[in-house]
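As a plain string of letters, each chain reads:
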Amino acid sequence: MGILVNVQDIAKAYGARTLFEKTSFAIAEGEKVGLIGPNGAGKSTMLRILAGRSEPDQGRVANQRGIRIAYLEQVPLFQENMTVMATLMEVSKDPHDWEEMLLAQSLIAKCGLEIFEERDVSTLSGGWKKRVAIARELMRQPDLFLLDEPTNHLDIDGVLWLEDFLADAKFATLTITHDRAFLENTSTRIIELDRRNPHGILSVEGNYSHYLEVKTELMQNQELREVKLKNTLRREMEWLRRGAKARTTKQQARIQRTGELANTVSELSSRNNNPTVQLNFVSEEKNPKRLIDAEGISKKYNGKTIIPKTDVLVTAKSRIAILGSNGSGKSTLIRMLIDQEQPDTGTIKRAEALTVNYFEQNRESLDPEKTLLKNICPAGDYVDTPMGRIHVRGYLDRFLFRPEQHEMPVRRLSGGEQSRLLLARLMLKKSNLLILDEPTNDLDIATLDVLTDILSDFPGAVLLVSHDRYFLSQVANRFIGFGEDEKGKRMESFATFDQWEEWRSALQAKSANTKKVESPTPVAADTSKKKKLSFKDQREFDQMEATIAKAEAKLQELQGQSMDPAFASDAKKLGEIGKSIVSAEAEVARLYARWAELSS
């Protein structure tokens, strides 16, 4: 395999803070690389450098000649008043080229965007916008696709779709994500940016599971080496304190080696020091056994069922994950349970002592223009925590915010840092019900591990919405899942995520097969009972072969026109022909499907 990108001894710093230095690695054709590391390690900055959006302070990035690089930003931006189709065509080589139009149509289909093709992108949900952004980058026909947190805002369906798509893709990928299941299923190599690694980087061939084995062994060996060198340094220092005189060359060399050894021990101690976020949700002193008891609740909007009739019981120590695609009704269900929206049917009993803490997906409660200090403590210098009064700067230190960040506006924080700040705010308040809407977005793996542990110990209840399957499996003890079959929307409770996925797949399969004969009677015995075609359908069926032949001839004629030298320099005409070809192909496909339907 050829090398697409060769990163050679690059460094990057912002002010006095160094993100990485003397960092080197290469990416080969077709490789699927996962890029991980703690928040603030410089992962997004690394992607911007590789995409040509930023320059390293030192070193160089050597690209294969003619390489095409696509870059999916963590928060994609779109032009105003642009349809999905227009958004894709804006990055095409020639917006009037019919082959480019066909490529856009193909990508729209692959990304499941057909029904939104002429919709304004700004009207779409976050998950569908992410799919549009992915399709737009694929229009570049990349050799290397850089993806920064691609699963953020995608629902479970979207994550599974993206997994399959990337696994089958011929191009190479470099993906920043903290979704461990996604890493496991899409990566053939893991690169970790972490100051604890020698030279700040660790590259491991294989999937995420293998990386964990290598990383664990590396840290154990590094800690063992620190202990041994500290013992050696202690003995050398004792020798020096006894008054050793540096009169001989041998003694001078020994003293010099002691100094070098002290530097090595200091470096190892710094690398082995791994501070973690100090998270701690505090519950009310007395938690009712039944916090929320909903019976027979349902909800419709404009006659469409959003929440089918269902029962939900939330007790202390409940860890309930709500599963479903974007728009399925997860947020509506939560709003009804906490009295922000009223059900159409049923009753909801809430404990008088119910207190709620809400982690919102888009972090709307943070003021992006105010500093970290003002977001945590609008007035004064001290915050009242459930564990006592503490200085606001000391409180921020617990969440690994550096002193120079305290006076920084929140908009300058990374996504993971903003999530940490929101967690810090929530922990100032006691509650007996935590509602966490996509809490895993942008948080690094170490922080997610801490969050998992404290949620397990929390005495109250947790309602959780997340696309991170690993996190769900570690936290939730009950799953409420949405599904749909030929009879409409359904909701059920499950013990595991896999049970919900199997149930939903079975519903989809059943719905797809509703046209099959349900009777066990042999087909031959039932042929006389087949429903006859209407006069209009029979006439359509009799003429179908001729209709298809005519449509195929029209398609062939248009394809011939697209190759006509007379139109080679007429971009407008070629664009019109390209659109006509797309329409003609769709019409041929529709006719064949209709023929099969009438035949059955």
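Residues numbered from 1 in each chain as written. Predicted model: local features only at pLDDT ≥ 70, side-chain atom pairs only at ≥ 80, totals over all residues. Heavy atoms only, no water.

1. Some words on the overall build of the chain
As a reminder of what qualifies: Note on conventions: DSSP H or I runs of at least 4 residues are helices, E runs of at least 2 residues are strands, and numbering of each starts at the N terminus. Using a 1.4 Å probe on the protein chains alone, a residue whose accessible area is under 20% of its type maximum counts as buried, one over 50% counts as exposed, and one in between counts as partly exposed. Areas reported here follow the Shrake-Rupley algorithm with a probe of radius 1.4 Å; residue values treat only the protein chains shown as occluding.
A tally of regular secondary structure across the chain gives 19 helices and 20 strands. Within the span of the chain, comprising 600 residues, buried residues form 46% of the whole. Accessible surface for the chain amounts to roughly 31,000 Å². Of this, 49% is attributable to carbon and sulfur atoms.

2. Notes on the pattern of salt bridges
To keep things clear, this is the line we draw: Salt bridges are counted wherever a side-chain nitrogen of Lys or Arg sits within 4 Å of a carboxyl oxygen of Asp or Glu.
One pass over the full model with this rule turns up 25 salt bridges. Across the salt bridge formed by Glu31 and Arg189, the nearest N and O atoms sit 2.9 Å from each other. Taken together, the positions of Glu31 in the loop between β2 (17-28) and β3 (32-36) and Arg189 in strand β8 (residues 189-193) put the pair 158 residues apart, joining distant regions of the chain. Relative accessible area serves as the criterion here: at 5%, Arg189 is assigned to the buried category. For the salt bridge of Glu205 with Arg189, the shortest nitrogen-to-oxygen distance reads 3.7 Å. On the criterion of sequence distance, the pair formed by Glu205 in strand β9 (residues 201-205) and Arg189 in strand β8 is long-range, its members being 16 residues apart. Classification of Glu205 by relative accessible area gives exposed; the value is 52%. Three or more residues joined by partner-sharing salt bridges are found here, namely Glu90, Arg136, Glu137 and Arg140.

3. Structural notes on unusual backbone geometry
In this model, Lys22 sits at a positive phi of 50°, which is unusual for a non-glycine residue. Positionally, Lys22 belongs in strand β2. The exposed category is assigned to Lys22, whose relative accessible area is 63%. Here the phi dihedral of Asn302 falls at roughly 50°; this positive angle occurs in a residue that is not glycine. With respect to the helices and strands, the residue Asn302 is situated in the loop between β10 (290-301) and β11 (304-315).

4. Considerations on the sheet that holds β11
Two strands in a sheet stick together by hydrogen bonds in their backbones, pointing the same way (parallel) or opposite ways (antiparallel). Put simply, the rule is: Paired strands are those between which DSSP finds at least two bridges. The convention used is that axes are lines fitted to C-alpha atoms, helices contributing only their stretch in contact, and that angles between N-to-C directions extend from 0 to 180 degrees. In this analysis, two residues are considered to be in contact whenever any of their non-hydrogen atoms come within 4.5 Å of each other.
Taken together, three strands build an open sheet; the order of strands is β11-β10-β13 and the sheet is antiparallel. Unpaired on one side and paired on the other, β11 and β13 (345-350) mark the two borders of the sheet. Mean inter-strand twist for the sheet, computed between neighbouring axes without regard to direction, equals 15°. Bridge analysis of β10 against β13 gives five bridges, and the strand direction is antiparallel. What sits directly across from Ala294, in β13, is Ile348. Seen against the sheet, helix α9 (residues 330-337) touches β10, β11 and β13 and runs at an angle of roughly 130° to β10.

5. What to know about the pairing of β8
Most of β8 is tucked away, with five of its five residues classed as buried. On β8, burial covers both faces: Arg189, Ile191 and Leu193 on one face and Ile190 and Glu192 on the other are all buried. Pairing of β3 with β8, which is carried by four bridges, proceeds in the parallel orientation. Opposite Val33, over in β8, you have Arg189 as the bridge partner. With five bridges connecting them, β8 and β9 associate as antiparallel partners. Residue pairing in the sheet places Arg189 in a bridge with Glu205 of β9.

6. Some words on the packing of aromatic side chains
Applied cut-off: Here is the rule: rings of Phe, Tyr and Trp (six-membered ring for Trp) pair when centre to centre is within 6.5 Å. Planes less than 30 degrees apart are stacked, more than 60 are edge-to-face, and the remainder are tilted. Should the NZ of a Lys or the CZ of an Arg lie within 6 Å of a ring centre and within 35 degrees of the ring normal, that charge is described as sitting over the ring.
Applying the stated criterion to the full structure yields seven aromatic pairs. Its end group placed over the ring of Trp161, Arg131 keeps NZ or CZ at 4.7 Å from the ring centre. For the cation-ring pair, Arg420 lies above Phe401, with the distance from its terminal atom to the ring centre recorded as 5.1 Å.

7. Observations regarding the packing of helix α4 (residues 126-138) against helix α5 (residues 156-168)
The cut-off we apply is this: Note on terminology: angles under 35 degrees are roughly parallel, angles over 145 are roughly antiparallel, angles of 65 to 115 are roughly perpendicular, and the others are oblique. It is the rotation of the near helix from the far one that decides the hand of a crossing: anticlockwise by less than a right angle makes it left-handed, clockwise makes it right-handed. Ten residue types, Ala, Val, Leu, Ile, Met, Phe, Trp, Tyr, Cys and Pro, are classed as nonpolar, four, Asp, Glu, Lys and Arg, as charged, and the remainder, Gly among them, as polar.
Where α4 meets α5, the closest approach of the two axes is 12 Å, and the angle between their N-to-C directions is 20°. Of the possible angle classes, the one that applies to α4 and α5 is roughly parallel. Considering the relative orientation of α4 and α5, their crossing is left-handed. On the side of α4, the interface is formed by Arg131, Ile134 and Leu138, while α5 contributes Asp157, Gly158, Trp161, Leu162 and Phe165. The residue inventory of the contact of α4 with α5, partitioned by class, reads five nonpolar, one polar and two charged.

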